[in-house]
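Architecture and fold: a report
Read off the chains here:
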Amino acid sequence: MTLPSKVRQVVLAARPAGKVAASDFRLETVDAPALGEGEIMTRTLWLSVDPYMRLSLGEGGQALGSLMNGGTVSEVVASSNPAFKVGDIVEGRTGWRDYAVSNGQGMTRVDPSLGPITTALGVLGMPGLTAHTGMVPVGKVKAEDTVVVSSAGGAVGSIAGQIGKAVGARVVGIAGGAKKCAEVEALGFDACVDYQAADFAAKLKAACPNGVDLYFDNVGAAVSQVVFQQLNLEARVSVCGFIGWSDLSDAAPGPNQLPALYKTIVMKRLRITGFTGANKAADAMQQLAGWVKDGKIAHPERVYEGLDQAPQAFADMLGGRAGTGKVVIRVGPA
Ligand SMILES: NC(=O)c1ccc[n+]([C@@H]2O[C@H](COP(=O)([O-])OP(=O)(O)OC[C@H]3O[C@@H](n4cnc5c(N)ncnc54)[C@H](OP(=O)(O)O)[C@@H]3O)[C@@H](O)[C@H]2O)c1
């Protein structure tokens, strides 16, 4: 294959004021980097957008004009690194661009026998294995539990809830809007409650008649204040994320709720564990891939077409407009 002389890439054009907008990014064309000794050139096939990318966009974060970071699935198109050969399909963090040159560090080969290669960015990649961490080793989910999952329609939450179902628990999702809740229920959740509805707390209570034993929290903020009221004695809370506060525009109004939260932690003898990272244990991938293969875990994808759609896909994912499941961008033909 002829190597490209130019590379298209998406850079940060402006720091988002509150919510992220597609106009905060710019698509540009630059000279392609040369391939050095021990390096590989990859052609991006698929690009992932994930909430962690929001964290580096504020003051003191990544420089204006710099390349957007992001997970990709790519094809090796040139190699002077003996660990990779032309044609290999690899997963790594090569960013929002259609070609990249790297020394191959942090790249892993994708095993196409486990599923479509996009699953390396979703159910069998960072989001799915993060769901596994929070549900299995941290949350210690069991069949007798009533589990609540916030942002249940997201890449992590949709898998976390289905892991709960795979072990036999009652699982209730929380998501924004009736349409998304219906999509979450179609994944096999026992119920899904709309946090935007006026009667959210009452609906959650009705969906969890025996209280909540395990809360997989992706959101924090106002949603979690409601769930905390419904936790059982000695309930467990796996704290995965805080997207409800990530752009700081959704801070709960009114008095400081922290003292009340601490009182709940003490009086209910809660076990709250924060965690970071995908479960790298070999048996985690086996267990997850087994559930996918047996049809116990569905993994819907929302596909955006073309690198120039990455900013819109990112803004839609953060704002809840991209629908249920993992958001991926098709950058190049497979
Ligand atoms: N600990 C770790 O190692 C780790 C790893 C990966 C991800 N995470 C975290 O896990 C969480 C889920 O990640 P994900 O990739 O699956 O993304 P995600 O849940 O799909 O995140 C986007 C969704 O968040 C919801 N949301 C946005 N603002 C909200 C608000 N104010 N209140 C309630 N919901 C809101 C929206 O869904 P609705 O349509 O339902 O509103 C939106 O679609 C994120 O907090 C992320 O930072 C942590």
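Residues numbered from 1 in each chain as written. Predicted model: local features only at pLDDT ≥ 70, side-chain atom pairs only at ≥ 80, totals over all residues. Heavy atoms only, no water.

The full count for this structure, using the stated rule, is one cavity of 30 Å³ or more. Of the pockets and cavities examined, the largest cavity occupies roughly 80 Å³. Lining the largest cavity we find Thr119, Gly122, Val123, Pro127, Ala155, Ser158, Ile159, His299, Pro300, Glu301, Gly325 and Lys326. The biggest single contributor to the lining of the largest cavity is helix 2 (residues 155-166), with three residues. Its residues assigned to classes, the lining of the largest cavity comprises five nonpolar, five polar and two charged. Built from parts of two domains, the lining of the largest cavity gets at least three residues from each of domain 1 (6-121 + 299-330) and domain 2 (126-279 + 287-292). (1 Å grid on protein atoms, 1.4 Å probe; cavity = no way out; pocket = protein on both sides within 12 Å on 5 of 7 lines; lining within 4 Å. Points joined across faces, edges and corners; volume = space filled by probe spheres on them. Helix = DSSP H or I, 4+ residues; strand = E, 2+ residues; numbered from the N terminus. Nonpolar A, V, L, I, M, F, W, Y, C, P; charged D, E, K, R; others polar. Domains from an automatic or database assignment.)

This part covers the domain arrangement of the protein chain. The domains assigned to the protein chain are domain 1 (6-121 + 299-330) and domain 2 (126-279 + 287-292). If you average the C-alpha positions of domain 1 and of domain 2, the two centres end up 28 Å apart. Here domain 1 meets domain 2 over a buried area of about 1,300 Å², counting both sides, of which 60% is carbon and sulfur. Linking domain 1 to domain 2 there are one salt bridge. Between Arg302 and Glu183 there is a salt bridge, and its shortest N-O distance comes to 3.8 Å. Put simply, domain 1 and domain 2 have two residue pairs in polar contact (both at pLDDT 80 or more) between them. Each residue belonging to the side of domain 1 that touches domain 2 can be placed in one class, and the counts come to eight nonpolar, six polar and five charged. (Buried area = accessible area lost by both parts, 1.4 Å probe. Salt bridge = Lys/Arg side-chain N within 4 Å of Asp/Glu carboxyl O. Polar contact = N/O pair within 3.5 Å; in protein donor to acceptor, adjacent residues only side chain to side chain.)

Going through the model one piece at a time under the given rule, you end up with five aromatic pairs. On the numbers, 6.4 Å between centres and 85° between planes, the contact of Tyr215 with Phe228 is edge-to-face. On the criterion of sequence distance, the pair formed by Tyr215 in strand 11 (residues 212-217) and Phe228 in helix 5 (residues 221-229) is long-range, its members being 13 residues apart. For Tyr215, a relative accessible area of 0% corresponds to the buried category. You can call Phe228 buried: its relative accessible area is 9%. (Phe/Tyr/Trp six-rings, centres within 6.5 Å; stacked < 30°, edge-to-face > 60°. Buried < 20%, exposed > 50% of the residue type's maximum accessible area, 1.4 Å probe, protein only.)

Bringing the site of the ligand into the picture now. Within the structure, the ligand sits among 25 residues, and Ser151, Val156, Lys180, Tyr195 and Gly277 are positioned closest to it. At 2.5 Å from an oxygen atom of the ligand is found a side-chain nitrogen or oxygen belonging to Tyr195. Contact with the protein chains hides 87% of the accessible area of the ligand, taken as 920 Å² for the molecule alone. Within the shell around the ligand, the residues separate by chemical class into 13 nonpolar, 10 polar and two charged. Split by domain, the residues of the shell around the ligand number at least three in each of domain 1 (6-121 + 299-330) and domain 2 (126-279 + 287-292). (Near = heavy atom within 4 Å. Areas by Shrake-Rupley, 256 points an atom, 1.4 Å probe, with all protein chains shown as cover.)

Moving on: the packing of helix 4 (residues 200-207) against helix 5. At a minimum axis distance of 10 Å, the contact between helix 4 and helix 5 shows a crossing angle of 45°. Compared by their axis directions, helix 4 and helix 5 come out oblique. Note on packing geometry: the crossing formed by helix 4 with helix 5 is right-handed. On helix 5, the residues that touch Phe200, Ala201 and Leu204 of helix 4 are Val223, Val226 and Val227. (Axes fitted to C-alpha atoms, helices over the stretch in contact; angles between N-to-C directions. Parallel < 35°, antiparallel > 145°, perpendicular 65-115°, else oblique. Left-handed = near helix turned anticlockwise from the far one by under 90°. Contact = heavy atoms within 4.5 Å.)

The next point concerns the sheet that holds strand 9 (residues 170-175). Strand order in this open sheet of six strands is 10-9-8-11-12-13, and the pairing throughout is parallel. Edge positions in the open sheet fall to strand 10 (191-194) and strand 13 (271-274), since each of these has one partner strand only. Averaged over all pairs of adjacent strands, the angle between their axes in this sheet comes to 20°, without regard to strand direction. Of the strand pairs in this sheet, strand 11 and strand 12 (residues 231-239) are connected by five bridges, and their pairing is parallel. Considered in strand 12, the bridge of Phe216 is made with Ser238. (Pairing = 2+ DSSP bridges.)

This paragraph deals with the pairing of strand 5 (residues 89-92). Two faces, one strand: in a regular strand the side chains alternate between the faces of the sheet. Of the two faces of strand 5, the one holding Val90 and Gly92 is buried and the one holding Ile89 and Glu91 is not buried anywhere. Bridge analysis of strand 4 (residues 72-79) against strand 5 gives four bridges, and the strand direction is antiparallel. Residue pairing across strands places Glu75 opposite Ile89, the latter belonging to strand 5. Pairing geometry for strand 5 and strand 7 (residues 108-109), over two bridges, is antiparallel. Following the sheet pairing, Val90 is matched in strand 7 by Arg109.

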